[in-house]
Amino acid sequence: LWELYYATLIEDRCPEALVEVVDLRLPTIQDDRPSIAEQDVYFYWIMKSADANEIYDLVRDLRQKHRKSVHVAGGTHVENFPQECEDIFDSIFIGTAEEVIVEALSDWEAGKLAGRYQGSVASPFSNYRHARRSYLPSDSIVNKDHFKQHGDYFGTGAYFSRGCSFRCRFCVYNRPGKFEYRTGSQITSEINYLKRDYGVEAINLRDEVCIPVNSKLAKEYLEAIGNAGIIWRGQTVPFGDEDMLRLARDSGCVELAIGVESADSDRVLEISNKPSKSLSQSRRYIELLKKYGIKIKVCLIMGLPGESENVLERTLCFLEEMEPDFVSVSAFDPVPGSEFFNQPEDFGIAEIDDNLAKHAHLVYRYGDNEEVGLPFRYAEESKWGRPLPRDVILENLKSVQSYLRDRNMVY
């Protein structure tokens, strides 16, 4: 979605540019990746550090084939590793990038492309139009998989906000460090575009927090979605006004994923600096979702600092008690750029693997023989006591994932 967003921006602001989006998710039979035609400028938006090595290899390959081309990049990974990225790319963007992308392209045309551009915080999301999807085939935009748990709907993804004001220590997606929302009219306009051009009936919101924590903003946001006449799902935090959940249901919300993160103890939530620092808040929120008929997806992370030796039992008890519809369990990963990564000794982490490709969190989700992530090791002791050994964390993960698969609670 971000590649489509920036392609739209460049084409709108630089009408003379011919913009193409290359979909690398669909390799050809002959090669590991599709053939990429020569271009003047290649632009990469790197969100996850786990993807960085693959992109670095792609840049090196294209430099060999097309020696006159220029390679520029932005995104969360680039912000976290600017020096490393300056060695790979001809130019990098730090921070909110809409205006600096246009500036960089102008500089490139004038033969004075800088090595680094700093974005402005004064470039809110609502200043720019939504992403056009016409850069990719329709079947890459819309499918029935997004909502297969809810019926036979043509669905797609969208962002109606970006950034996050919270500071969870395991997360790096609070960029920018505040919530920036589309206006109500922009939201309705994008949904109408997706309905008209792609027959969309349902939207999977990819926002970090899909219901604004500010009640006034939430009302405008949810009413705009409701006015467009679709169903939708997204993720949010487990606190807020009950009236907003009623309005969410009335606007077409069929499912909310909530970041419970740990069912072990409030201590784990406090160490992780979660905005909801008690399990009682999550229990209350789940009961409200049930009251308004919104399906519940609980998101958990196992292996977080401060976990007790009883975490497996407590997690399964929590799931039996609350009976969510779906559960997503991730392995704790001190993601590059997160506070856990930057200050590991403060949280009892003795070692972190520097191979970026190993920083993945979907462990045992689709079977017991998956390649194992968990790219770190705890010290023997921490200020919270003796951390769980790596093999115990993995066994706990395997047990919970097996429990969920047996009950068809994973998708």
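Heads up: these notes are all about the structure in this document. Quick caveat: nothing in here was measured; it's all calculated off a predicted structure.

Re the packing of aromatic side chains
Piece 1. By the definition in use, this model includes 25 aromatic pairs.
Piece 2. An angle of 5 degrees between the planes, with centres 6.2 Å apart, marks the rings of Phe 347 and Trp 384 as stacked. Placement of the pair is Phe 347 in the loop between helix H12 (339–342) and strand E13 (349–352) and Trp 384 in the loop between strand E14 (376–378) and helix H13 (390–406), with a sequence separation of 37 residues.
Piece 3. Since its relative accessible area comes to 7%, Phe 347 is described here as buried.

Digging into H13
Piece 1. In this model H13 runs 24 Å from its N-terminal to its C-terminal C-alpha over 17 residues, within 8% of the 24 Å that 1.5 Å per residue would give.
Piece 2. Taken residue by residue, H13 has Ile 393, Leu 394, Asn 396, Leu 397, Val 400, Gln 401, Tyr 403 and Leu 404 as its buried positions.
Piece 3. Its buried side turned inward, H13 meets strand E11 (295–302), helix H11 (311–322), strand E12 (326–331) and E14.

Thoughts on the pattern of salt bridges
Piece 1. As enumerated under the stated definition, the model contains 27 salt bridges in all.
Piece 2. Between Asp 250 and Arg 249 there is a salt bridge whose closest N-O contact spans 3.0 Å.
Piece 3. Note that Arg 314 is salt-bridged to Asp 264, the shortest N-O span being 3.3 Å. Taken together, the residues span a long stretch of sequence, with Arg 314 in helix H11 and Asp 264 in the loop between strand E10 (253–261) and helix H9 (266–271) at a distance of 50 residues.
Piece 4. Given the relative accessible area of 6%, Asp 264 is considered buried.
Piece 5. A network of salt bridges, in which partner residues are shared, links Glu 11, Asp 12, Arg 129 and Arg 132.

A look at the pairing of E10
Both faces of the sheet carry side chains from a regular strand, because those side chains alternate between them.
Piece 1. Extensive coverage of E10 is indicated by the burial of eight of its nine residues.
Piece 2. As judged from the five bridges shared by strand E9 (residues 231–236) and E10, these two strands associate in the parallel manner. Paired with Gly 234 across the strands is Leu 256, a residue of E10.
Piece 3. For the handedness criterion, the β-α-β arrangement of E9, helix H8 (residues 242–250) and E10 is classed as right-handed.
Piece 4. By the bridge criterion, six bridges tie E10 to E11 in an arrangement that is parallel. Counterpart to Glu 261 in the pairing with E11 is Leu 300.

Details of the sheet that holds strand E2 (residues 70–74)
Piece 1. Pairing is parallel in the open sheet, where four strands are placed in the order E1-E2-E3-E4. If you trace the sheet from one side to the other, it starts and ends with strand E1 (41–45) and strand E4 (116–118), each paired once. Geometrically, the sheet is characterised by an average inter-axis angle of 15 degrees between neighbouring strands, direction not taken into account.
Piece 2. Two strands pair when backbone bridges link them, and E2 and strand E3 (residues 91–94) are joined in this way by two bridges, in the parallel orientation. Residue pairing in the sheet places Val 72 in a bridge with Ser 91 of E3.
Piece 3. Packed onto the sheet, helix H2 (residues 52–65) meets E1 and E2 and runs at close to 175 degrees relative to E1.

Looking at the environment of Glu 323
Piece 1. Counting through the fold element by element, Glu 323 comes out in the loop between H11 and E12.
Piece 2. On the basis of relative accessibility, which here comes to 57%, the residue Glu 323 falls in the exposed class.
Piece 3. C-alpha separation for the pair Glu 323 and Glu 287, spaced 36 residues apart in sequence, amounts to 10.0 Å.

Thoughts on the packing of helix H7 (residues 215–228) against H8
Piece 1. Across the interface, H7 lies against H8 with an axial gap of 9 Å and an inter-helix angle of 10 degrees. In terms of orientation, H7 lies roughly parallel with respect to H8. Contacts between H7 and H8 pair Ser 215, Ala 218, Lys 219, Leu 222 and Glu 223 from the former with Met 244, Leu 247 and Ala 248 from the latter.
Piece 2. A per-class count over the contact of H7 with H8 returns five nonpolar, one polar and two charged.

Some points on empty space enclosed by the protein
Piece 1. Within the structure shown, the criterion is met by two cavities of 30 Å³ or more.
Piece 2. Of the voids in this model, the largest cavity is the one considered here, and its volume is about 80 Å³.
Piece 3. In terms of lining residues, the largest cavity is bounded by Leu 1, Trp 2, Tyr 5, Phe 125, His 130, Ala 131, Arg 133, Tyr 159, Arg 182 and Glu 190.
Piece 4. Split by residue class, the lining of the largest cavity holds six nonpolar, one polar and three charged.
Piece 5. Within this model, the second largest cavity holds a volume of roughly 40 Å³.
Piece 6. Every residue along the wall of the second largest cavity is listed here: Tyr 181, Arg 182, Thr 183, Gly 184, Ile 187, Pro 212, Leu 217, Glu 220 and Tyr 221.
Piece 7. Listing elements by their share of the lining of the second largest cavity, those giving two or more residues are helix H6 (184–198) and H7.
Piece 8. Among the elements that make up the lining of the second largest cavity, the one with the highest residue count is H7 (three residues).
Piece 9. The residue inventory of the lining of the second largest cavity, partitioned by class, reads five nonpolar, two polar and two charged.

Calculation notes
- Residues numbered from 1 in each chain as written.
- Predicted model: local features only at pLDDT ≥ 70, side-chain atom pairs only at ≥ 80, totals over all residues.
- Heavy atoms only, no water.
- Phe/Tyr/Trp six-rings, centres within 6.5 Å; stacked < 30°, edge-to-face > 60°.
- Helix = DSSP H or I, 4+ residues; strand = E, 2+ residues; numbered from the N terminus.
- Buried < 20%, exposed > 50% of the residue type's maximum accessible area, 1.4 Å probe, protein only.
- Expected span 1.5 Å × (residues − 1).
- Contact = heavy atoms within 4.5 Å.
- Salt bridge = Lys/Arg side-chain N within 4 Å of Asp/Glu carboxyl O.
- Pairing = 2+ DSSP bridges.
- Right-handed = clockwise from strand over helix to strand, strands pointing away.
- Axes fitted to C-alpha atoms, helices over the stretch in contact; angles between N-to-C directions.
- Parallel < 35°, antiparallel > 145°, perpendicular 65-115°, else oblique.
- Nonpolar A, V, L, I, M, F, W, Y, C, P; charged D, E, K, R; others polar.
- 1 Å grid on protein atoms, 1.4 Å probe; cavity = no way out; pocket = protein on both sides within 12 Å on 5 of 7 lines; lining within 4 Å.
- Points joined across faces, edges and corners; volume = space filled by probe spheres on them.

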